[in-house]
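# Observations on the three-dimensional arrangement
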Amino acid sequence: AAPATATSAAAAAATAEEPAAAHREPSTAVEMDYSSLSSWMAPEAAIAALMSGDMASPLAPSDASDAPKEGESSWKLWAGRRAGEKDYVFGDFSRGMFSQAKDMIRDNKHKMADAALQARESFEKSVASRAEDLLEAEGKASPSGTAAVPKESSFSEETKAERWWCQACQAAHKGHTPAREPAERPEDARGCLEVRLLSLGSSEEPLSHAGGRPAIEPVCQFALEGKPTGALRLPKAEGEEGDADEAACTNEARFYFKEVVGSDLRVHLWDRGDTRFGLGFEDQTFCGGAFVPLSTIIQMGSRSLSDQFSNESFDIKLKVKLLPLSMVRTKNKLEPCDATGAKQPSNQHGCVVLHLKLQLYGTPAKLRYAEPVLVVSRTAVTGHISDVGGTLKAAAFTVARAGRAADLAFLLVGLEKCRSDPLSLILLQLWWAWTALRAPAWAWPTMVAILLPVISWRSGGPPPSARDSLYVADEDDKGSIVERTQRAVAGAAKVQQNILQITDDLTGIVVPVEKVKFALTGEDPFTSAVFSGLVLIISVMAGISLQLLILFADWGLLRPIVWLLGGCLLMPQSCRQVLFNASLELSELQKKYAGDQLSRMASAMWLRVPDAVETSHLDLCLRYTLELVPQ
């Protein structure tokens, strides 16, 4: 298309100048120097002149004032060459035509990806709409009419992330300029972040592709709160050429953000010099990415603890190590290797150095409770009703997340450290003595709240073995194929074992409730009578215990008893072991002289009380399979 346009332009110019061309010498065209022609003429115009055979084109400069000016096109730029002279070099015509065609190929590829995403979104939307209609119909048909209808999102989080990634890749083909940034501060902005790209890679950590091939012409992209920039490049050296897009772009970007906590600056690197990038295969030319949380900018840019609460301006320089594509593509947060199964890459992508200026419109402490909350970052793995596998994966992730949240072993570690250290042990015993013997009842929660931070501090947080890791252990990649397969199968079996263990724990909680419910229904008269007797005995014992507590309180013995029991628990491990052994000996003496027949009988009966499975089985048998025959 470019040569055809240039041909018409050259023809029009030649028609306008036809009278002047008639007086030229016939030998002028033959004696014309081709290299001088390409040195001043735009590639399109030169092609038109060569195709028409009119080497004495009126486009030729008549004097020095018509010489090419800075910024005009040349064969080197039109052909996409990064080195060599500006003049025509053999192959420039083919390279230039391919450079014009690759834009069309890239656009078509992006359109195909967009069409695939539209089909996927249409499918998910139709499934979600149909499921909602079915649940609404079921709710109307139910006796209570209160069947819950989940507010299912039309699209899955994975599809939304894929859509955003495609938009970010398309934006990376255009240079970022200050004109693309907001001219004025938005009303709902809570701060401004200015990012400057200082260096791309280093001699020790050069930028490279996933396969280790060095990047030819890397470009960088930033994104914050879902708003990606165009391509950013380092300033070109003096005398170095570039196309119009390169000349207009910059190495700085400015963002206005709505939230600090939960917001991350995304960093993406591509190799623009790779031909595949121009054709639209961005994933194959990806040179690494990373996340920079805004809260870490405040933390690392503060000189003291008070700065993290009172300062409004932070200025730091960061070296950001780049991560593989799987870590950042369609991801909102970095995920541990337990969820991703990511392995340590054989080749590192390198690093970039950024200069970050964070300006808050209010102190960090004030922004913590500012209303309204404008951006809520989703950190949970959620499924979609159209994807059964994704829903099961989200359920497994949530179960594992609940198990990690309920693990408070680090507090026990901190308490054990306090009990082992002599000075901490003395302070701990004094704290407990004052709390149990002198502190009023309303002050007990406050005393516990004072102790918890101390124990947490002494524990040092979760142990290194319990912390999340970004990559799986190196041992998983060592050994033969059989050994790696065995480790992979063992890992899968471990996951299933953990799920089964959680299931067993939940069953252990549910079964007693089911047995109590069965005893209260009266379906088995004997069980109900025995259970009622046990409840009566337990209630009488509870009443006697409560009366004893009241008497101990009146006599002034309740607090000393509580202090004595708590003091024993706060003693070092060696002392507690002696007390534990003594309690075992007393238990053996009690069994020897008093016996444990009553407790064993109660335990045997409790195990025979039907649970929900047995109750349902008995009811179904009586209703559908059994009928009494009169004798």
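Up top you'll find the structure we're talking about.
What comes next concerns the included structure. This one's a predicted model, so the numbers in the text were calculated from it and none came from an experiment.

## Some thoughts on the packing of aromatic side chains
Overall, the coordinates contain 6 aromatic pairs when judged by the stated rule. Ring centres of Trp-270 and Phe-277 lie 6.4 Å apart, and the angle between their planes is 40 degrees; on these two criteria the pair is classed as tilted. Here the two residues Trp-270 and Phe-277 agree in accessibility, since each one is buried. Judged by centre distance (6.2 Å) and plane angle (65 degrees), the ring pair of Phe-552 and Trp-555 falls under edge-to-face. With a gap of 3 residues between them, Phe-552 and Trp-555 both fall in helix α20 (residues 525-555), about one helical turn apart. Take Trp-555: its relative accessible area is 56%, and that puts it in the exposed class. Every member of this aromatic cluster is reached through a ring pair, and the members are Trp-165, Trp-270, Phe-277 and Phe-286. The ring of Phe-281 has Lys-109 lying over it, and the distance from NZ or CZ to the ring centre is 5.1 Å. Here the basic side chain of Arg-185 rests over the ring of Tyr-361, its NZ or CZ set 3.6 Å away from the ring centre.

## Describing the sheet that holds strand β3 (residues 227-228)
The strands making up a sheet associate through hydrogen bonds between their backbones, and the pairing can be parallel or antiparallel. Judged by pairing direction, the sheet is antiparallel, and its 4 strands sit side by side in the order β3-β2-β5-β6 without closing on themselves. Looking at the sheet topology across the chains shown, the edges are occupied by β3 and β6 (286-293). The pairing of strand β2 (residues 218-224) with β3 spans 2 bridges and is antiparallel. Residue pairing across strands places Ala-223 opposite Pro-228, the latter belonging to β3. In this fold helix α7 (residues 157-171) packs onto β2, β3, β5 (264-271) and β6, with an angle of close to 55 degrees to the strand it touches most, β5.

## Quick look at the nonpolar core
In this structure, Leu-193, Phe-222, Leu-265, Leu-269, Val-352, Leu-354 and Leu-356 are the most contacted members of the largest nonpolar core, which totals 34 residues. Contributions of two or more residues to this core are made by β1 (191-200), β2, β4 (252-257), β5, β6, α10 (294-300), β7 (313-321) and β8 (351-360). In this structure Leu-354 touches Val-195, Arg-196, Leu-197, Leu-198, Phe-222, Val-267, Ile-316, Lys-317, Leu-318 and Val-320, once residues within four positions along its chain are discounted. Within the second largest apolar cluster, 17 residues are counted, among which are Trp-165, Ala-168, Ala-172 and Val-219.

## What about the sheet that holds β1?
Strand order in this open sheet of 4 strands is β4-β1-β8-β7, and the pairing throughout is antiparallel. Here the strands that pair on one side only, and so sit at the sheet edges, are β4 and β7. With strand direction ignored, the average angle separating the axes of adjacent strands in the sheet is 20 degrees. Of the strand pairs in this sheet, β7 and β8 are connected by 9 bridges, and their pairing is antiparallel.

## Overview of the side chain of Glu-181
Tracing the backbone shows Glu-181 in the loop between α7 and β1. Judged by its relative accessible area of 12%, Glu-181 falls in the buried class. Once you skip the residues sitting within four places of it in the chain, Glu-181 turns out to touch His-176, Glu-252, Ala-253 and Arg-254.

## Comments concerning the environment of Tyr-624
Note on placement: Tyr-624 falls in helix α24 (residues 612-625). Only 3.3 Å separates the side chain of Tyr-624 from the side chain of Arg-623, close enough to count as a polar contact.

## Here we look at the environment of Ala-113
Residue placement: Ala-113 occurs in helix α6 (residues 92-141). The exposure class assigned to Ala-113 is partly exposed, which follows from its relative accessible area of 26%.

## What to know about helix α17 (residues 422-437)
When the terminal C-alpha atoms of α17 are compared, their 22 Å separation across 16 residues agrees well with the 22 Å that a helix rising 1.5 Å per residue should span. Of the residues making up α17, those classed as buried are Ser-424, Leu-425, Leu-428, Trp-431, Trp-432, Thr-435 and Ala-436. In a view along the axis of α17, the buried residues occupy a sector of 125 degrees, so they form one face of it. Among the exposed residues of α17, those pointing more than 90 degrees away from its buried face are Pro-422, Leu-423, Ile-426, Leu-427 and Leu-430. Contact partners of the buried residues in α17: α16 (409-420), α18 (444-459) and α21 (558-569).

## Description of the packing of α17 against α21
Packing of α17 against α21 brings their axes to within 9 Å, and their N-to-C directions diverge by 155 degrees. By the angle between their directions, the pair α17 and α21 is classed as roughly antiparallel. In terms of crossing hand, the pair formed by α17 and α21 is right-handed. Counted together, Gln-429, Trp-432, Ala-433, Thr-435, Ala-436 and Leu-437 of α17 and Arg-559, Pro-560, Val-562, Trp-563, Gly-566 and Gly-567 of α21 form the full contact between these two elements. When the residues that make up the contact of α17 with α21 are grouped by side-chain class, the tally is 7 nonpolar, 4 polar and 1 charged.

## Digging into the pattern of salt bridges
Tallying each qualifying case throughout the model produces 21 salt bridges. The closest approach of N and O atoms between Glu-158 and Arg-120, which form a salt bridge, is 3.6 Å. Of this pair, Glu-158 sits in helix α7 while Arg-120 sits in helix α6, and the two are 38 residues apart along the sequence. A salt bridge links Arg-576 to Glu-416; its shortest N-O distance comes to 3.0 Å. With a gap of 160 residues between them, Arg-576 in helix α22 (residues 573-593) and Glu-416 in helix α16 connect regions that are remote in the sequence.

The rules behind each value
- All residue numbers refer to positions counted from 1 along the written sequence of the respective chain.
- Residues qualify for local features only when their pLDDT is at least 70, as the model is predicted, and side-chain atom pairs are given and counted only at 80 or more; totals for whole chains, interfaces and linings, by contrast, use all residues.
- Just so you know, side-chain values use all the structure's heavy atoms and leave hydrogens and water out.
- Aromatic contacts are taken between Phe, Tyr and Trp rings whose centres are within 6.5 Å, Trp giving its six-membered ring; a plane angle under 30 degrees counts as stacked, one over 60 as edge-to-face, and the others as tilted.
- In this scheme, a residue with accessible area under 20% of its type's maximum is buried, one over 50% is exposed, and one in between is partly exposed, where area comes from a 1.4 Å probe on protein chains only.
- Helix and strand definitions here come from DSSP, where helices need a minimum of 4 consecutive H or I residues and strands a minimum of 2 consecutive E residues; each element is numbered from the N-terminal end.
- A ring is considered to have a charge above it if a Lys NZ or an Arg CZ atom is located within 6 Å of its centre and within 35 degrees of its normal.
- If DSSP finds at least two bridges between two strands, the strands pair.
- By the convention used here, residues are in contact when the closest approach between their heavy atoms is within 4.5 Å.
- Helix axes use the C-alpha atoms of the stretch in contact, all axes being lines fitted to C-alpha atoms, and the angles between their N-to-C directions lie in the range 0 to 180 degrees.
- The nonpolar core is taken to be a set of buried Ala, Val, Leu, Ile, Met, Phe, Trp, Tyr and Cys residues, with the residues joined through side-chain atoms within 4.5 Å.
- Pairing of N or O atoms within 3.5 Å defines a polar contact, subject to two protein rules: one partner must be a possible hydrogen donor and the other a possible acceptor, and residues neighboring in sequence count only if both atoms are side-chain atoms.
- Here a helix's expected span is defined as the number of its residues, less one, multiplied by 1.5 Å.
- The directions considered for the arc are those from the helix axis to the C-beta atoms.
- Here roughly perpendicular refers to angles of 65 to 115 degrees, roughly parallel to angles under 35, roughly antiparallel to angles over 145, and oblique to all remaining angles.
- Each crossing is labelled by how the near helix is turned from the far one, with a counterclockwise turn of less than a right angle marking it left-handed and a clockwise turn marking it right-handed.
- Basically, the charged four are Asp, Glu, Lys and Arg, the nonpolar ten are Ala, Val, Leu, Ile, Met, Phe, Trp, Tyr, Cys and Pro, and anything else, Gly included, counts as polar.
- Think of a salt bridge as a Lys or Arg side-chain nitrogen and an Asp or Glu carboxyl oxygen that are within 4 Å of each other.

Geometry only, nothing functional implied.
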